[in-house]
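An overview of the molecular structure
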Amino acid sequence: MSLQVSELRVHYRTLRGDVRALDGMSFELGDGEILGLVGESGCGKSTLGKSLIRMDGRMRHVGGRVVLDGRELPIADDRAMNDFRFKEVSLIPQYAMSALNPTRKIRRMVGELLRSRGAALDAAELERRMDQVGLPREVLDRYPIELSGGMKQRMVMVISTLLDPSLLIADEVTSALDVSTQKAVARALLGFRDSGYVKSMIFVTHDIALTHHIADTIMVMYAGRLAEKAPADALVKAPRHPYTRLLVDSLPEVGVRYAERRLEGIAGSPPSLLDPPPGCRFRARCPLAGDECAEEPPVAEVAPGHHVACWKA
Amino acid sequence: MTTIQEAVPRERAAVRREALYFAVRNGKLMTGLTIVLALLLLGLIGPLFVAAAPNEYSVKAMSPPTGEHWFGTTTFGQDIFAQFVHGLRATFAVGVVGGGIAAVIGMVVGFVAGYVGGLVDEVLNMLTNIVLVIPSLAVLLIVNAYLGIRSVAVQGLFIGLTQWPWAARAIRAQTFSLRTREFVDLARMSGSGTGRIIAREIAPNMSSYLFMTFILLFGGSVLIASSLDFIGLGPTEGVSLGLMLQNANQWSALQLGMWWWFVPPGAAITAIVGALYVANVGLDEVFNPKLRET
Amino acid sequence: MRRYFGRKLLIYGLTFFVAVTVNWMIPRFMPGDPVASMVARANVTKPEAVEAMRAYYNNLFGLDQPLLTQYANFWGALLRGDFGTSIWLFPTPVSQVIGGAVPYTLALVVPSVLLSWVVGNQFGAYAARRKLLDNTVLPVGYVLTAMPYMWLAVLLAWALGVIAGLFPVAGGYSFSMRPNLSWTFFLDLLHHWTLPFLSLFLVALGGWAIGMRNMIIYELESDYSTYLSALGAPARLIRRYAFRNAVLPQITGLALQLGVLVAGALVTEIVFAYPGLGSLILKAIQNKDFFLLQGAFLFIVLGVLIANFIIDIVYVVVDPRTRAGMAGAQA
């Protein structure tokens, strides 16, 4: 097992109290596995991504552990986490378009970043990887503003994986791109895994269709909790959780664009995470809800590798 | 930003309540406001309690602060405390008039340039840049010297006419970013006119920003008025803090060691302007959540 | 880039044009017969000065000539370097009077502006997001920047000049000296220069420090900083990048503040009776020497425009984005 997350609780401090963005998440990620992490806005998927590499100032680690390759990640300790960042855990942020320092040429910035992490710049390796994602070498002698959005995105992908991290978090990397570029990015990410640049990957998105293309496993989150986690095919073709079913049913066929809009198309809205209601959190919107749903459903393994948190599954 | 904020609907009343919550807990804002309001109060009611007319001569000249003359007297026996409280009024007046006029011009130019765009924007932008580059004190020197400014209000008017460009620029940029937002599109599609959209949709959405702009313009007007007064181009009628400094300088308070003559007016200007700046930082923290946790 | 400079030059050209036009127009707004009231208001005793003034204004207003001709004449005189004759120092030409004062003003303004900018940026950058320092730099900065220039000048003159007796508080050099090229004279100049310089430097310092502090905080919140933090880059590197990016708006700020800084220099000179443009303007106002005042006005505008243009060039050198030929005109 490459990554083990158990009972992770992370809260956001707000004026009106703690928002329980992650409320007891447990899952595992195997070597070489690509996990698609799916859910509506505000379900906690971005929080999960951030928690694994760098929590922002308003986030608070309340409980639970994260173990990567047998070592516990000190996710609450910003300083201690530095040893793991980039080398063990790395990130392709959703703001990749603006992630590069505007006043440094790329080559110099990469060199300075690597040196600050005690690594030397292997120019040949860097260029090989740029070739792999189809970036011309001249890019290195340009300022970010001289690159197109897609180029910046690919450059960030190359930079983030330069130190061959064990875990890569790709946070909504495709949401700002058009379909053909989305596919290219997804292919490049697959290539990174196959070339062994990264051992495993969490692909955070709200696009189930795209996830299906590259992920081995898909995990659906709802209101800060795990709803369903299964091998990609099983999840898309035979979903067990009513929420997942609604998500998948709303896609006329896999591969259709605008999956995001469909995702939002389920009637009702998720519960407030300030003071979530007891029991199953999907209850209010669930067509199958019954009396037992007043109690919180445990995560059960209904088939090998297929986990569902629902009484009706 | 797929974070919690979207999940929790935020209506305007809630935002206002939240702003108030942070406002009363913001040390910078509260300290700044307290200082400004205290001095304003002193300027408003002080003159009612001081018997001496500010420029009245008396026999007791060059007296250091005493129980009778709190801030001492000038070489001519004028009561400095009386001048001080009257001067505060003039200073606040010039700030309100100058800052207000500059804010109005800046808003009109900024809104129109930012919202209408195109050629209108080009022309207004050019105008803004020209007025921005001309050193305003130099222009005011010429204007005041030739026209002989008599009242604080006219002084404020001319200051306002020269101070607006940076505000116009800032408001233009803000308007620009609001122009393409959904609620503005909606208003346009439902047939609202330009003026109405600006007044109903754009201005309210940047009201905190406009208020902060006014505060900075107010402070700037106070400072530039004091410089004009000091050069000898202040209002010929009445007293102001700048005129007090000018008199102190002109009649060698420095060489005579009469610190009580030049310390209070300068300290008051510094306190008013500094407190406004600090309050402004506080306001920024109140309205801009990113700055809160420092 | 050519477009960038073309645009800038156009604005500066127009600005100068507007300034000259204002200069020409304002006397015409004076109530009543401008020539008569001007001559009446000038408290000149020398009859030849009165004559010169009347002649100049009659030429200036030339009420019998068409308006356009008057305006053209005004420009003609200006381009010939003819700013008229000073009334106060009759019969010295205005250009010569101003020429004598400009070096003193430059010697004050240039070092104090540049040094306060450099030092203020360093202070501000260092203080940002460092609790203890921030809590001292910020309030001190706000007090300094809220001070009227002349007040700090008066305070310094009083404390270091009158009480401590360390520095002279009036003049550009000692009364007993005549300007010459010797070390003693230079040291004397420096001695007189110190306090006015210090007071200009300090007031400006506060503004730059605060500006830089705020810009750095903004940059530290930006995406590229967050990305670098996520990759575990040390704070040192992130701060260095933030500084580099935050300096750019500070350069623009320098251009925007020039007018205020020059105004500060004028009133500071008045406090110290320093023989620059500020003291000259005071004398011109006291003596109703309008030629001198108008000449000083044009000189200041010209100086500020030139400084603006220099800053534009520096900006292009420092910001790769303008050089890359994109995003140029926004500055």
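Residue positions within a chain follow its written sequence, with the count starting from 1. The order in which chains are written sets their letters, starting at A; the order in which ligands are written sets their numbers, starting at 1. Given that the model is predicted, a residue must reach a pLDDT of at least 70 before its local features are reported, and side-chain atom pairs must reach 80 or more before they are shown or counted; all residues, however, enter totals for whole chains, interfaces and linings. The side-chain numbers reported here are obtained from all heavy atoms of the structure, hydrogens and water having been left aside.

- If you look chain B up in an unreviewed UniProt entry, it shows as Peptide/nickel transport system permease protein from Nonomuraea wenchangensis.
- UniProt positions are given in the numbering used here, feature names are shortened, and annotations may be inferred rather than shown by experiment. Check the Sequence similarities (unreviewed entry) section of the UniProt entry for chain B; it says "Belongs to the binding-protein-dependent transport system permease family."
- As recorded by UniProt, the Subcellular location (unreviewed entry) comment attached to chain B reads in full: "Cell membrane".

- By the naming in an unreviewed UniProt entry, chain A is Peptide/nickel transport system ATP-binding protein, taken from Nonomuraea wenchangensis.

1. With respect to the overall build of chain A
- Helical segments are the DSSP runs of H or I of at least four residues, strand segments are the runs of E of at least two, and each set is numbered from the N terminus. Helices and strands together make up the secondary structure of chain A, namely ten helices and twelve strands.
- Our radius of gyration looks at C-alpha atoms and nothing else; its globule reference is 2.2 Å times the residue count to the power 0.38. Taken against the 2.2 N^0.38 rule, which gives 20 Å for 313 residues, the C-alpha radius of gyration of chain A at 20 Å falls within 12% of a compact globule.
- Seen through its principal axes, chain A has C-alpha atoms that stretch 65 × 40 × 40 Å.
- In this scheme, a residue with accessible area under 20% of its type's maximum is buried, one over 50% is exposed, and one in between is partly exposed, where area comes from a 1.4 Å probe on protein chains only. Taken across its 313 residues, chain A has 54% of its residues classed as buried.
- Put simply, 66% of the contacts in chain A that link residues at least 6 apart link residues at least 24 apart. Every residue pair with non-hydrogen atoms within 4.5 Å of one another is taken to be in contact.

2. Here's the deal with the interface of chain A and chain C
- Across the contact, 27 residues belong to chain A and 23 residues belong to chain C.
- What counts as buried area is the accessible surface, traced by a 1.4 Å probe, that two parts surrender upon association, with contributions from both included. Across the chain A/chain C interface, buried area totals approximately 2200 Å², and carbon plus sulfur atoms make up 64% of it.
- One speaks of a salt bridge when a side-chain nitrogen belonging to Lys or Arg is within 4 Å of a carboxyl oxygen belonging to Asp or Glu. Taken together, chain A and chain C are joined by one salt bridge.
- The residue C:Arg240 makes a salt bridge to A:Glu112 at a minimum N-O spacing of 3.1 Å.
- Pairs of N or O atoms within 3.5 Å make up the polar contacts considered here, provided that, within protein, one atom can donate a hydrogen while the other can accept it, and that residues adjacent in sequence are counted only when both atoms are side-chain atoms. Between chain A and chain C we count eleven residue pairs in polar contact (both at pLDDT 80 or more) in total.
- For the side of chain A that touches chain C, the leading source of residues is helix H3 (residues 106-116) of chain A, giving four residues.
- Any residue outside Ala, Val, Leu, Ile, Met, Phe, Trp, Tyr, Cys, Pro, Asp, Glu, Lys and Arg is labelled polar, Gly included; the first ten of those are nonpolar and the last four are charged. Split into classes, the residues belonging to the side of chain A that touches chain C amount to 14 nonpolar, seven polar and six charged.

3. Quick look at the interface of chain B and chain C
- Facing 47 residues of chain B, the contacting portion of chain C comprises 54 residues.
- When chain B packs against chain C, close to 4500 Å² is buried across both sides, 77% of that on carbon and sulfur atoms.
- Scanning the region where chain B abuts chain C turns up one salt bridge.
- Two residues, C:Arg7 and B:Glu122, come together in a salt bridge whose shortest N-O distance is 3.9 Å.

4. Thoughts on the packing of helix H5 (residues 118-133) of chain B against helix H8 (residues 165-179) of chain B
Residues and elements named next belong to chain B.
- Note on geometry: axes are C-alpha line fits, over the in-contact stretch for helices, and angles between N-to-C directions span 0 to 180 degrees. Here H5 crosses H8 at 145°, and the two axes come no closer than 8 Å. In this structure, the crossing between H5 and H8 has a hand that is left-handed. The segment H5 lies against H8, with Asp-121, Asn-125, Thr-128, Asn-129, Val-131 and Leu-132 engaging Pro-165, Trp-166, Ala-168, Arg-169, Arg-172 and Phe-176.
- Residues belonging to the contact of H5 with H8 are distributed by class as follows: six nonpolar, three polar and three charged. A crossing counts as left-handed when the near helix is turned anticlockwise from the far one by less than a right angle, and as right-handed when that turn is clockwise.

5. Side note on the pattern of salt bridges
Residues and elements named next belong to chain A.
- Under the criterion given, the structure shown has 32 salt bridges over all chains.
- Salt-bridge contacts for Arg-225 lead to Asp-23; the nearest nitrogen and oxygen are separated by 3.8 Å. One end of the pair, Arg-225, is in strand S10 (residues 225-231); the other, Asp-23, is in strand S2 (residues 17-29), with 202 residues separating them in the sequence.
- Owing to a relative accessible area of 17%, Arg-225 belongs among the buried residues under this scheme.
- Using a relative accessible area of 4% as the deciding quantity, one classes Asp-23 as buried.
- Between Arg-129 and Asp-164 there is a salt bridge, with its nearest N and O atoms 2.6 Å apart. In this pair, Arg-129 sits in helix H4 (residues 123-132) while Asp-164 sits in the loop between helix H5 (149-160) and strand S7 (167-171), placing the two residues 35 residues apart along the sequence.
- One salt-bridge network, held together by shared partners, links Glu-7, Arg-9, Asp-23, Arg-225, Arg-281 and Glu-296.

6. Details of the confidence of the model for chain B
- Of all residues in chain B, 93% have pLDDT values of 70 or greater, and the mean over the chain is 84.
- Scoring the predicted complex yields pTM 0.86 and, for the interface, ipTM 0.90. Each residue carries a pLDDT score, the predictor's confidence in it, ranging from 0 to 100.

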